[in-house]
Amino acid sequence: MTSPSTPAAPAPRPGGAGELAGRTVSRVGYGAMQLDRLRGDRRAAVALLRHAIDLGVDHVDTAQFYGDGFANEIIREALRPGDDVLVVSKVGAVSDPGGPTPLRLAQRPKELRTSVEDNLATLGTEQIPVVNLRRVDSGITIPVPDDQVVGLDDQLAEMIALRDEGKIGAIGLSSVTADVLRRALPAGIVCVQNAYSLVSRDDEDALRLCEAERIAWVPYFPLGGALPGLAKVADEPAVLAAAERLGHTPAQVALAWLLHRSPRTLLIPGTADTGHLEANLAAGAITLDEQTLAALDAVPTRPFTAPGAPSS
């Protein structure tokens, strides 16, 4: 029995150990976007994130535009001294509650700086360990007005300046092609967040470049289906068959496949439900045999089709 004076043993790392920005982190982390669903119960939002940390999560992904600052505020309330949680945020878009879409791009260097300052304020910190530059080169994007077509070099110059000033610790990229990533490598990129899942593997070349350069690969929309026109991993017969045979949910099989796909993969599944949180973290312990992996690897990638778009 542990005495009151004996520190509790640290929780096992969900998914084992991975690397991000020179730090060891659990390979299954938490994406904070869904925290906004608990806006009406702030205490429950804090408790959910606290539960994730207690279960071994030490990599939390956020953005100022997640709930217009709400997610950042919850992170600030939930974290305690000594938690040693790596918080990763992103810039390149801002909340636009009154606009045609909930977000609008904010790609200009001055806007990137303002977004970093806003994140610092709501997180209540002097430095954000990692900040991703969210571009519109790859995957599912929002409309790009002419004044938001900004060159990569100008953006990276501002991000490097923010790093030199100590406002951010490291630079990541989001929604970029392998060519853009390759151009950005001299800036010291530590992670890439792209839309990627079992049914959406168009950015395989970017993943391989991350492996070669020891850059963390952090897929978003890991289950597909996040938007109309995006295929759902859980609809695939191979996924359903594997889930039934292994005694896990289709979502857990899909997350486990991503971890098996590359040693550089870090996951940030988001949820507002405690049961789903625990199931997501448990996916990190699933071993997929060669036969199952072969069946899942054979699932074809599905192109994104916007609602109403003609099929080709």
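Predicted, not measured: the structure shown is a model, and the values here were computed from it.

Reading guide: rules and limits
Residues numbered from 1 in each chain as written. Predicted model: local features only at pLDDT ≥ 70, side-chain atom pairs only at ≥ 80, totals over all residues. Heavy atoms only, no water. Helix = DSSP H or I, 4+ residues; strand = E, 2+ residues; numbered from the N terminus. Rg over C-alpha atoms; globule rule 2.2 N^0.38 Å. Buried < 20%, exposed > 50% of the residue type's maximum accessible area, 1.4 Å probe, protein only. Contact = heavy atoms within 4.5 Å. Areas by Shrake-Rupley, 256 points an atom, 1.4 Å probe, with all protein chains shown as cover. Lys, Arg positive; Asp, Glu negative; His and termini not counted. Charge placed at Lys NZ, Arg CZ, Asp CG, Glu CD. Polar contact = N/O pair within 3.5 Å; in protein donor to acceptor, adjacent residues only side chain to side chain. Arc of directions from axis to C-beta. Pairing = 2+ DSSP bridges. Disulfide = S-S within 2.5 Å. Core = buried A, V, L, I, M, F, W, Y, C linked by side-chain atoms within 4.5 Å. pLDDT = per-residue confidence, 0-100. Axes fitted to C-alpha atoms, helices over the stretch in contact; angles between N-to-C directions. Parallel < 35°, antiparallel > 145°, perpendicular 65-115°, else oblique. Nonpolar A, V, L, I, M, F, W, Y, C, P; charged D, E, K, R; others polar.

### Side note on the overall build of the protein
Link 1 in the chain: Helices and strands together make up the secondary structure of the protein, namely ten helices and eleven strands.
Link 2 in the chain: What you see for the protein is a C-alpha radius of gyration of 19 Å, in line with the 20 Å of a compact globule of 312 residues.
Link 3 in the chain: Its C-alpha atoms give the protein principal-axis dimensions of roughly 65 × 50 × 40 Å.
Link 4 in the chain: Within the protein, buried positions represent 49% of all 312 residues.
Link 5 in the chain: The long-range fraction of contacts in the protein, counting pairs at least 24 apart against all pairs at least 6 apart in sequence, stands at 74%.
Link 6 in the chain: On the protein, roughly 14300 Å² of surface is accessible, and the fraction owed to carbon and sulfur atoms is 53%.
Link 7 in the chain: Computed over 29 positive and 39 negative side-chain charges, the inter-centroid distance for the protein is 2 Å.

### Overview of the environment of Ser-138
Link 1 in the chain: Within the secondary structure layout, Ser-138 lies in the loop between β8 (128–134) and α4 (152–164).
Link 2 in the chain: Residues Ser-138 and Glu-290, spaced 152 residues apart in sequence, show a C-alpha to C-alpha distance of 31 Å.
Link 3 in the chain: Dropping the residues within four chain positions of it, Ser-138 is found in contact with Ser-175, Val-176, Thr-177, Asn-194 and Asp-203.
Link 4 in the chain: Among the polar contacts listed, one links the side chain of Ser-138 to the side chain of Asp-203, at a separation of 2.8 Å.

### A look at the side chain of Thr-271
Link 1 in the chain: Turning to its location among the elements, Thr-271 is positioned in the loop between α8 (250–261) and α9 (274–282).
Link 2 in the chain: You can call Thr-271 buried: its relative accessible area is 4%.
Link 3 in the chain: A polar atom in the side chain of Thr-271 sits 3.1 Å from the backbone nitrogen of Asp-273.
Link 4 in the chain: Apart from the residues within four sequence positions on either side, Thr-271 is in contact with Tyr-30, Gly-31, Gln-34, Leu-48, His-276, Leu-277 and Asn-280.

### Here we look at α9
Link 1 in the chain: If you check which residues of α9 are buried, you get Leu-277, Asn-280 and Leu-281. Projected down its long axis, α9 carries its buried residues within an arc of 95°, all on one side.
Link 2 in the chain: Its buried side turned inward, α9 meets β3 (30–31), α1 (42–54) and α8.

### Topic: the side chain of Asp-83
Link 1 in the chain: Tracing the sequence through the fold places Asp-83 in the loop between α2 (70–78) and β5 (86–91).
Link 2 in the chain: A distance of 2.8 Å separates a polar atom in the side chain of Asp-83 from a polar atom in the side chain of Arg-50.
Link 3 in the chain: In terms of polar contacts, Asp-83 uses its side chain to reach the backbone amide nitrogen of Arg-80, at 2.5 Å.
Link 4 in the chain: Dropping the residues within four chain positions of it, Asp-83 is found in contact with Arg-50, Ile-53 and Ala-78.

### Notes on the sheet that holds strand β11 (residues 216–217)
Link 1 in the chain: On the basis of which strands lie adjacent, the open sheet formed by seven strands has the order β3-β4-β5-β8-β9-β10-β11 and parallel pairing. Either end of the sheet is taken by a strand with one partner, and the two such strands are β3 and β11.

### So, the state of the cysteines
Link 1 in the chain: Evaluated as defined, the whole model comprises zero disulfides.
Link 2 in the chain: With no disulfide of its own, Cys-191 lies closest to Cys-210 among cysteine sulfurs, the gap being 8.7 Å.
Link 3 in the chain: The exposure class assigned to Cys-191 is buried, which follows from its relative accessible area of 2%.

### A few points about the nonpolar core
Link 1 in the chain: By size, the foremost hydrophobic cluster in this structure holds 78 residues, and its most contacted members are Tyr-30, Met-159 and Ile-189.
Link 2 in the chain: With seven residues, α8 is the single largest residue contributor to this core.
Link 3 in the chain: Sequence-distant contacts of Met-159, that is, excluding residues within four places in its chain, are made with Val-91, Leu-112, Val-131, Leu-133, Ile-168 and Ile-171.
Link 4 in the chain: Among the nonpolar cores identified, the runner-up in size contains twelve residues, and Leu-20, Val-25, Leu-86 and Val-218 belong to it.

### Focus: the confidence of the model for the protein
Where the model shows low pLDDT, its predicted coordinates should not be examined in detail.
Link 1 in the chain: Here the protein averages 92 in pLDDT, and 93% of its residues register 70 or above.
Link 2 in the chain: Between residues 306–312, whose pLDDT stays under 50, and residues either more than four places distant or in other chains, the model counts one contact.

### Here's the deal with unusual backbone geometry
Link 1 in the chain: The backbone phi angle of Asp-68 is positive, close to 55°, even though this residue is not glycine.
Link 2 in the chain: In this structure, Asp-68 sits in the loop between β4 (59–61) and α2.
Link 3 in the chain: Look at Ser-175: it is not a glycine, yet its phi comes out positive at around 60°.
Link 4 in the chain: Tracing the backbone shows Ser-175 in the loop between β9 (168–174) and α5 (178–184).

### Some words on the packing of α2 against helix α3 (residues 109–123)
Link 1 in the chain: Following both chains from N to C, one finds α2 and α3 inclined at 40°, their axes separated by 8 Å at the closest point. The angle between the axes of α2 and α3 places the two elements in the oblique class. Contacts between α2 and α3 involve Asn-72, Glu-73, Ile-75 and Arg-76 on the former and, on the latter, Asn-119, Ala-121, Thr-122 and Leu-123.
Link 2 in the chain: For the contact of α2 with α3, a count of residues per class yields three nonpolar, three polar and two charged.

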